[in-house]
Amino acid sequence: MPSPSADLLGVTVIGLRAAQYLSASILLGLPAFMLYSHRSLAPALPGWPRGLTAVAAAILAITALGALVAQAAVMTGSVAEAMKPSTLTVMMTGTSLGPAFAIRAAAAMAVGILLAGKPSSRRWALAALAGLVACASFAWTGHGAATGGVGQWWHASADALHAVAAALWVGALTAFLILVLRAPGRDIRDQGLARALTEFAGLGSVAVGTLLVTGLVNSFFLVGPERLGRLATTPWGQLLLLKLVLFLAMLGLATVNRFRLTPALTASIGQVDHPTHLTVLRLSLTTEFALGIGVLLIVAVMGTLMPPSAL
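If you're wondering where the values come from, they're calculated on a predicted model, not measured in any experiment.

How each quantity is defined
- Residues numbered from 1 in each chain as written.
- Predicted model: local features only at pLDDT ≥ 70, side-chain atom pairs only at ≥ 80, totals over all residues.
- Heavy atoms only, no water.
- Helix = DSSP H or I, 4+ residues; strand = E, 2+ residues; numbered from the N terminus.
- Rg over C-alpha atoms; globule rule 2.2 N^0.38 Å.
- Contact = heavy atoms within 4.5 Å.
- Axes fitted to C-alpha atoms, helices over the stretch in contact; angles between N-to-C directions.
- Left-handed = near helix turned anticlockwise from the far one by under 90°.
- Nonpolar A, V, L, I, M, F, W, Y, C, P; charged D, E, K, R; others polar.
- Buried < 20%, exposed > 50% of the residue type's maximum accessible area, 1.4 Å probe, protein only.
- Lys, Arg positive; Asp, Glu negative; His and termini not counted.
- Salt bridge = Lys/Arg side-chain N within 4 Å of Asp/Glu carboxyl O.
- Polar contact = N/O pair within 3.5 Å; in protein donor to acceptor, adjacent residues only side chain to side chain.
- Core = buried A, V, L, I, M, F, W, Y, C linked by side-chain atoms within 4.5 Å.
- Phe/Tyr/Trp six-rings, centres within 6.5 Å; stacked < 30°, edge-to-face > 60°.

**Q** Would you explain the overall build of the protein in this entry?
**A** The helix and strand inventory of the protein stands at 10 helices and 0 strands. The N-to-C order of helical and strand elements in the protein reads α-α-α-α-α-α-α-α-α-α. For 311 residues, the compact-globule formula gives about 19 Å, and the C-alpha radius of gyration of the protein, at 20 Å, lands near that figure. Taking the principal axes of its C-alpha atoms as reference, the protein extends roughly 65 × 50 × 40 Å. Taking all contacts inside the protein whose residues are at least 6 apart in sequence as the whole, residues at least 24 apart take part in 78%.

**Q** Even after reading the chapter, I still don't get the packing of helix 7 (residues 151-181) against helix 10 (residues 274-302), so can you show me in this structure?
**A** When two helices pack together, their arrangement is given by the angle between the helix axes and the distance between those axes. The interhelical angle for the contact between helix 7 and helix 10, taken along N-to-C directions, is 145°, at an axis separation of 9 Å. The element helix 7 and its partner helix 10 pack so that their crossing is left-handed. Where helix 7 abuts helix 10, its residues W169, V170, L173, T174, F176, L177, V180 and L181 lie against L278, R282, L285, T286, E288, F289 and L296. Tallied by class, residues from the contact of helix 7 with helix 10 come to 11 nonpolar, 2 polar and 2 charged.

**Q** So what exactly am I meant to see when it comes to the side chain of R17 here?
**A** Along the polypeptide, R17 turns up in helix 1 (residues 4-41). Salt bridges are absent for the buried R17, whose nearest opposite-charge side chain, D159, sits at 8.4 Å. Engagement of the side chain of R17 in a polar contact is seen with the side chain of Y21, the distance being 2.8 Å. Setting aside chain neighbours within four positions, we find R17 in contact with T141, V299, A300, G303 and T304.

**Q** I tried to follow the nonpolar core on my own but got confused; where do I start?
**A** Most often, soluble globular proteins keep nonpolar side chains buried together rather than apart. Core analysis: the biggest nonpolar cluster contains 70 residues, and W169, F176 and L193 have the highest contact counts within it. If you list the elements that add at least two residues to this core, you get helix 1, helix 2 (48-76), helix 5 (97-114), helix 6 (121-136), helix 7, helix 8 (187-222), helix 9 (235-268) and helix 10. For this core, the leading source of residues is helix 7, giving 14 residues. Not counting the four nearest positions on each side in its chain, F176 is found in contact with F33, L193, A196, L197, F200 and L285. V13, L16, L68 and F101 belong to the second-largest nonpolar core, a separate cluster that totals 12 residues.

**Q** Sorry if this is basic, but what is going on with the environment of V133 here?
**A** Within the fold, V133 resides in helix 6. On the basis of relative accessible area, V133 is assigned to the partly exposed category, the value being 36%. Residues V133 and I59, spaced 74 residues apart in sequence, show a C-alpha to C-alpha distance of 16 Å.

**Q** What should I look at first to understand the packing of aromatic side chains in this one?
**A** Any aromatic ring pair is given by two values, namely how distant the centres are and how the planes are angled relative to each other. Under the criterion given, the structure shown has 8 aromatic pairs. Plain terms: the ring middles of F33 and Y36 are 5.7 Å apart, the flat faces sit at 80° to each other, and that makes the pair edge-to-face. Placement of the pair is F33 and Y36 together in helix 1, with a separation of 3 residues, close to one helical turn. Taking relative accessible area as the criterion, F33 reaches 0% and is therefore assigned buried. One aromatic cluster in this structure is built from F33, Y36, F176 and F200.

Below is the structure:
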């Protein structure tokens, strides 16, 4: 039976993973959002994107370094042992985990430095690039890093693309949710919101397609056709199925937003029923974002469990 300290360490690892997923999503998704939507939303973007991205960068740097120590504690069985320079040296030189955590923290710090100056398209582009590096580094701290042989590169690449696509979606959702919850109340701002939602449609479709393809690749390596029938008999498989349910619900809401709610919001600007359309869109985006958080939490737990391929 696991000790209380082991249970606490396990919960800490999951919490640190979840915090990294969300902060990295903002670190990539929000700078990318500023690049493709800034002109549409300039009147409604006083300073919160810069502040939120800086907060996400700080959280990611802290949690990445904390995760390095936590993983060392898992391996050594002691937090005190994990804090020793010799242990951390082994983590950095003898595993793929240590360098990945360090790269992630460094990318987050780079974003913080970039945003210390006056924001510009160039700075947002560099911030998005650093966020991309941070998200891609998850491929070396997940199950994909354990794949050997000729499939290692394919699995790691699929993992990295999966993380990047998810971050673009969740990061954009974060921005849209803040905008719609701020209750713009002005036609020019609502027009900008509608245009930004439309502009994200193309990138959103690419992100969803990437998630589907890379999800199948990951499932091939972590489950395999021969174990598919027993997927629901393992905790990891049960969480995967729940993740798929939440993903499909997000996809359904995103489809409704794109083809019904956004056009309806655009058409209603200046009309009596406009507040109603804005409220419906707000509810839909809030639900979609909540589902996205649920997916990130599930993935954080799945990372601590053995997939069917390892059993």
